[in-house]
Amino acid sequence: MAEKRGGGGFFWGVVGFLIGVAATLAVLAFMSRETSGDFDPRTAADEAAESAQEIAPAAPALPAPTPKAETRAPAPREPSPGIDPDTDDQIADDAASSGMTSRAPPPEE
C-alpha cells in the first residue's frame, strides 16, 4: 500500500497569505469609497455661520481716507568709522600669526 505523507504546508501557507492580502485590500477599498449622490455634509457650525450672516446688519461704509501730512525722511546718520584692519594692531597681529599677511614668518622647509 501507498503511504500518504502529510505535506503541502508551504503551499497552504502561501495561499493563506495571498487570501489575507486580498481580503485586506478589499476592506481598504470598501472603507475608502466615496458616497455618490447629492449628499451635503453640512455641520452645525456651517448652519450657525449662515444664520449669523443673516442676522448681522450690513457693515457701515468706511469713511474716505484723508491724505496724511507729508513727512520728511530722517536725516542720515554719520557712519561710524568702525575698525580699520590696516591700523588696528590686534587685527594685524592676528592676521600675521595666522599667515594671512606678508608679516608672517616664511614657512620652514
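Here the residue numbers are simple positions, counted from 1 along each chain's written sequence. Totals for whole chains, interfaces and linings use every residue, but because this is a predicted model, local features are given only for residues with pLDDT of at least 70 and side-chain atom pairs only at 80 or more, for both listing and counting. Only heavy atoms go into the side-chain values, all of them from the structure, while hydrogens and water stay out.

Things to note about the overall build of the chain
And then number 1: Only runs of H or I of at least four residues qualify as helices and only runs of E of at least two qualify as strands under DSSP, and these elements are numbered from the N terminus. The helix and strand tally for the chain stands at three helices and zero strands.
And then number 2: Along the chain, helices (α) and strands (β) appear in the sequence α-α-α when read from the amino end.
And then number 3: Looking at the chain as a whole, 4% of its 109 residues qualify as buried.
And then number 4: Accessible surface area values rest on a Shrake-Rupley calculation with a 1.4 Å probe, where residue burial reflects the displayed protein chains alone. Only carbon and sulfur atoms are counted for the fraction: they give 61% of the accessible area of the chain, which is about 11,200 Å². Partly exposed residues are those whose accessible area sits between 20% and 50% of the maximum for their type, while under 20% is buried and over 50% is exposed, using a 1.4 Å probe and protein chains only.

Some words on the confidence of the model for the chain
And then number 1: Within the chain, residue pLDDT values average 78, and 74% of them lie at 70 or more.
And then number 2: pLDDT is defined as a per-residue confidence score from the predictor, taking values between 0 and 100. Taken element by element, the chain is modelled with least confidence in helix α3 (residues 89-97), mean pLDDT 77, and with most confidence in helix α1 (residues 9-31), mean pLDDT 94.

A closer look at a nonpolar patch on the surface
And then number 1: A contiguous nonpolar surface patch, about 740 Å² in accessible area, is contributed by F10, V14, F17, L18, V21, L25 and L28.
And then number 2: Inspection of the secondary structure puts L25 in helix α1. Patch criteria: residues need more than 30% relative accessible area and no salt bridge. Like-charged residues are merged within 9 Å; nonpolar side chains of Val, Leu, Ile, Met, Phe, Trp and Tyr are merged within 5 Å. Each salt bridge in this description consists of a side-chain nitrogen of Lys or Arg and a carboxyl oxygen of Asp or Glu lying within 4 Å of one another.

A look at the pattern of salt bridges
And then number 1: Scanning the entire structure with this criterion turns up one salt bridge.
And then number 2: Measuring nitrogen to oxygen at the nearest pair gives 2.9 Å for the salt bridge that ties R42 to E50.
And then number 3: The class for R42 is partly exposed, based on a relative accessible area of 38%.
And then number 4: You can call E50 partly exposed: its relative accessible area is 38%.

Describing α1
And then number 1: Here the expected length of a helix is defined as 1.5 Å per residue gap, with one fewer gap than residues. Taking 1.5 Å as the rise per residue, α1 with 23 residues should run 33 Å; its terminal C-alpha atoms sit 33 Å apart, in good agreement.
And then number 2: Counting buried positions along α1 yields zero of 23 residues, so the element is predominantly exposed.

What to know about α3
Each turn of an α-helix holds 3.6 residues, which means side chains three or four residues apart point in the same direction.
And then number 1: Of the residues making up α3, those classed as buried are A92, A95 and A96. The buried residues of α3 occupy an angular sector of 100° when projected down its axis, which confines them to one face.
And then number 2: Directly beyond the C-terminal end of α3, a positive phi value near 80° is found at G99. The arc under discussion is defined with respect to the helix axis, by the directions toward the C-beta atoms.

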